[in-house]
Amino acid sequence: MCYFIALMSSITFYNIKLGRPYSKLYPLLHLQQIQFVEDKQEFSRFPTKAGRRSLSRSISQSSTDSYSSAASYTDSSDDETSPRDKTQLNSKGTSDFCVKNIKQAEFGRREIEIAEQDMSALISLRKRAQGEKPLAGAKIVGCTHITAQTAVLIETLVALGAQCRWTACNIYSTQNEVAAALSEIGVAVFAWKGESEDDFWWCIDKCVNMEGWQPNMILDDGGDLTHWVYKKYPNVFKKIRGIVEESVTGVHRLYQLSKAGKLCVPAMNVNDSVTKQKFDNLYCCRESILDGLKRTTDVMFGGKQVVVCGYGEVGKGCTAALKAMGSIVYVTEIDPICALQIGFRLGFFSGLLGNKNVVTRDQLDRMKNGSIVCNMGHSNTEIDVASLRTPELTWERVRSQVDHVIWPDGKRVILLAEGRLLNLSCSTVPTFVLSITATTQALALIELYNAPEGRYKQDVYLLPKKMDEYVASLHLPTFDAHLTELSDEQAKYLGLNKNGPFKPNYYRYNHPSKIPLNDTQISDLCTIYLQWIPTATTYMFSLVQSS
């Protein structure tokens, strides 16, 4: 159930009634469209046309434009030509890539080097295994966020013997300079920040459909690459030796294929591995939710009323961060166990069902002026953004990844990243946590590629617990931590191998609750929850409106 719950991790912000216009408090959020005149000197502080456009261009153009953002520090080019229409060569004279600007490779290399400093475990794995080349002969096609951290993973796979072709799983998260750096060393990358939907699928196809090259492994984030190969290249899909999937969305799609009897290759569910759930999903989102919101809106969290939809690991991380900043947090949930955890930790909870259109047009219509709406789920389906693209609503670009959606009565809702994943679209994420996930992905690829015939059937598998523990052990030296070793007598008493695994697969590495409740209180919370299920969503929004 956890892979389903984590889909529902949209975040919705509401401002409290303060008895004065919201625009006076946050003038930046109500920038009107500015018409720039070339001979007006007062705007000379904006050095490029692109800088001016980022404030004034309308949303009708923005969905296919590439804007510079905090997640791509060096992309300030005036060149609006689509990378698909340009012919570029790297220093080796090859052109098997499509990125924004290959000349940014030097900047990208510096960012990769910075990331390597906080990904010592992955670098350690690279050094230990590169002599053996466990991925020699592997042809990996990948579809993930293309960031400096991902680049360290890709270069590790290459060092272990793999050939890689890569594309982006999100049209806004690519760091253009990193894509250029990878292309410079010979990795075929097809991605740039600000792709259109057509560009997105074109890039995926260019990675897969290469004459004389056929992938035998897939590393996916979201399931789009797997879906494309399955639908467009069924013969190629049948010859894939293994799929590694790291997202809730992608895992859900794999289980659907498996249930329908259409999954003809073994797949590894990395998302539900302990190291991914408890560190990437929880700690990464706990830090990056604040980063993304601060960079895009400069909002003050103290006193804001926040609705968090979903209390999986992502929801737990976001809730903890927002509550710590002084926000008044409300949470919606469909799972009674997760809902009970909310009761333990927050003292308030309500229920909400669904992983598509979690935030609906009706709810958007009833939000207050100045509300901020964003998504921490992988896809852009949690928020019903399509319903906002209607003639009666006006879209206005404020700055990169920040749009005003204006209602006929003048009400403005601030939508971030057009409803797509906030943290990687609008900011960055902690490198060390991504090192844990990247190391897990690398080990999963090695396991599937080298597994003897018959070990894995045509199904979805969890990462073996022994691998989870190995990933964790690689990261312990960062904290100067040293494991205690069981004596032979202790190991025999517990029925364990001294070298692990130390916990059964059903063990849950949960944090203890902060508020102890007795049996009567727990029973009361469950009763209240069951009574609220039918009207929870309506109640939650009416509560926020009336405050």
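Computed from a predicted model, the values in this text were never measured in an experiment.

**Description of the sheet that holds strand 15 (residues 460-462)**
The strands making up a sheet associate through backbone hydrogen bonding, with each pair oriented either parallel or antiparallel.
No. 1: Pairing in this open sheet of seven strands is parallel, and the strands run 4-3-2-5-6-7-15 from one edge to the other. Bordering the open sheet on either side are strand 4 (188-190) and strand 15, each of which pairs with just one other strand. Strand after strand, the sheet turns through a mean of 20° between neighbouring axes, direction not considered.
No. 2: Bridge count for strand 3 (residues 163-168) against strand 4 is three bridges, and the pairing is parallel. Following the sheet pairing, Thr 167 is matched in strand 4 by Phe 190.

**Description of the state of the cysteines**
No. 1: The final tally for this structure, using the stated rule, is zero disulfides.
No. 2: Cys 207 carries a free sulfur, and the closest cysteine sulfur to it, the one in Cys 203, is 7.3 Å from it.
No. 3: Cys 207 sits in the buried class, given a relative accessible area of 0%.

**Some remarks on helix 7 (residues 148-159)**
No. 1: Look at helix 7: 17 Å from first C-alpha to last across 12 residues, which is about the 16 Å you get at 1.5 Å a residue.
No. 2: The element helix 7 is extensively covered by neighbouring structure, given that 11 of its 12 residues are classed as buried.
No. 3: Within the span of helix 7, buried status applies to Ala 148, Gln 149, Thr 150, Ala 151, Val 152, Leu 153, Ile 154, Glu 155, Thr 156, Leu 157 and Ala 159.
No. 4: Gly 161 lies just past helix 7 and shows a positive phi near 110°.

**A word on the nonpolar core**
No. 1: Judged by nonpolar contacts, the single largest core of 56 residues is most densely connected at Leu 135, Ile 140, Ile 146, Leu 157, Trp 166 and Val 189.
No. 2: Elements with a minimum of two residues in this core: helix 5 (105-117), helix 6 (120-129), helix 7, strand 3, helix 8 (176-184), strand 5 (217-220), helix 18 (431-450) and helix 19 (465-475).
No. 3: Of all the elements, helix 18 adds the most residues to this core, at 10 residues.
No. 4: Apart from the residues lying within four places of it in its own chain, the contact partners of Leu 157 are Leu 135, Ile 140, Ala 162, Cys 164, Trp 166, Ala 442 and Leu 445.
No. 5: By size, the runner-up hydrophobic cluster in this structure holds 29 residues, among which are Trp 192, Val 208, Leu 254 and Val 460.

**With respect to the pairing of strand 14 (residues 412-416)**
Every regular strand shows the same layout, with side chains that alternate between the two sheet faces.
No. 1: Of all five residues in strand 14, five are buried; the element is thus mostly enclosed.
No. 2: Here strand 14 shows no split at all, with Arg 412, Ile 414 and Leu 416 on one side and Val 413 and Leu 415 on the other all buried.
No. 3: One ladder, built from two bridges, connects strand 11 (residues 372-375) with strand 14; its direction is parallel. Pairing of Val 373 across the sheet is with Leu 415, part of strand 14.
No. 4: Across five bridges, strand 13 (residues 402-406) lies against strand 14 in antiparallel orientation. Its bridge partner lying in strand 14, Val 405 is registered against Val 413.
No. 5: Once strand 13 ends, the chain turns through five residues before running back antiparallel as strand 14, passing Gly 410 with a positive phi of about 95°.

**Some words on the environment of Val 208**
No. 1: Here Val 208 is to be found in helix 9 (residues 197-208).
No. 2: With relative accessibility at 4%, the residue Val 208 sits in the buried group.
No. 3: Linking Val 208 and Trp 166, residues 42 residues apart in sequence, is a C-alpha distance of 9.2 Å.
No. 4: Once residues within four sequence positions are removed from consideration, Val 208 is found in contact with Val 141, Trp 213, Pro 215, Leu 225, Val 229 and Tyr 233.

**Focus on the packing of helix 9 against helix 10 (residues 224-232)**
No. 1: Where helix 9 meets helix 10, the closest approach of the two axes is 10 Å, and the angle between their N-to-C directions is 65°. Of the possible angle classes, the one that applies to helix 9 and helix 10 is roughly perpendicular. Here helix 9 runs over helix 10; the crossing is right-handed. Residues Phe 200, Trp 201, Ile 204, Asp 205 and Val 208 of helix 9 lie in contact with helix 10, whose contacting residues are Asp 224, Leu 225, Trp 228 and Val 229.
No. 2: A class-by-class count of the residues in the contact of helix 9 with helix 10 yields seven nonpolar, no polar and two charged.

**Some details on the packing of aromatic side chains**
No. 1: In the structure shown here, the tally under the stated rule is eight aromatic pairs.
No. 2: Ring geometry for Phe 190 and Trp 202: centres 6.4 Å apart, planes at 75°, overall edge-to-face. Linking Phe 190 in strand 4 with Trp 202 in helix 9, this pair joins segments that are 12 residues apart in sequence.
No. 3: With a relative accessible area of 2%, Phe 190 lands in the buried category.
No. 4: Where Phe 432 meets Phe 479, the ring centres are 5.4 Å apart and the plane angle is 85°; that geometry is what we call edge-to-face. Residue Phe 432 is located in helix 18, and its partner Phe 479 is located in the loop between helix 19 and helix 20 (488-494); the two are separated by 47 residues in the primary sequence.
No. 5: The class of Phe 479 is exposed, set by a relative accessible area of 56%.
No. 6: Chaining the aromatic ring pairs together yields one cluster made of Phe 190, Trp 192 and Trp 202.
No. 7: Just above the ring of Trp 395 sits the side chain of Arg 389; from NZ or CZ to the centre is 4.3 Å.

Rules of the game
- Residues numbered from 1 in each chain as written.
- Predicted model: local features only at pLDDT ≥ 70, side-chain atom pairs only at ≥ 80, totals over all residues.
- Heavy atoms only, no water.
- Pairing = 2+ DSSP bridges.
- Helix = DSSP H or I, 4+ residues; strand = E, 2+ residues; numbered from the N terminus.
- Axes fitted to C-alpha atoms, helices over the stretch in contact; angles between N-to-C directions.
- Disulfide = S-S within 2.5 Å.
- Buried < 20%, exposed > 50% of the residue type's maximum accessible area, 1.4 Å probe, protein only.
- Expected span 1.5 Å × (residues − 1).
- Core = buried A, V, L, I, M, F, W, Y, C linked by side-chain atoms within 4.5 Å.
- Contact = heavy atoms within 4.5 Å.
- Parallel < 35°, antiparallel > 145°, perpendicular 65-115°, else oblique.
- Left-handed = near helix turned anticlockwise from the far one by under 90°.
- Nonpolar A, V, L, I, M, F, W, Y, C, P; charged D, E, K, R; others polar.
- Phe/Tyr/Trp six-rings, centres within 6.5 Å; stacked < 30°, edge-to-face > 60°.
- Lys NZ or Arg CZ within 6 Å of the ring centre and 35° of its normal.

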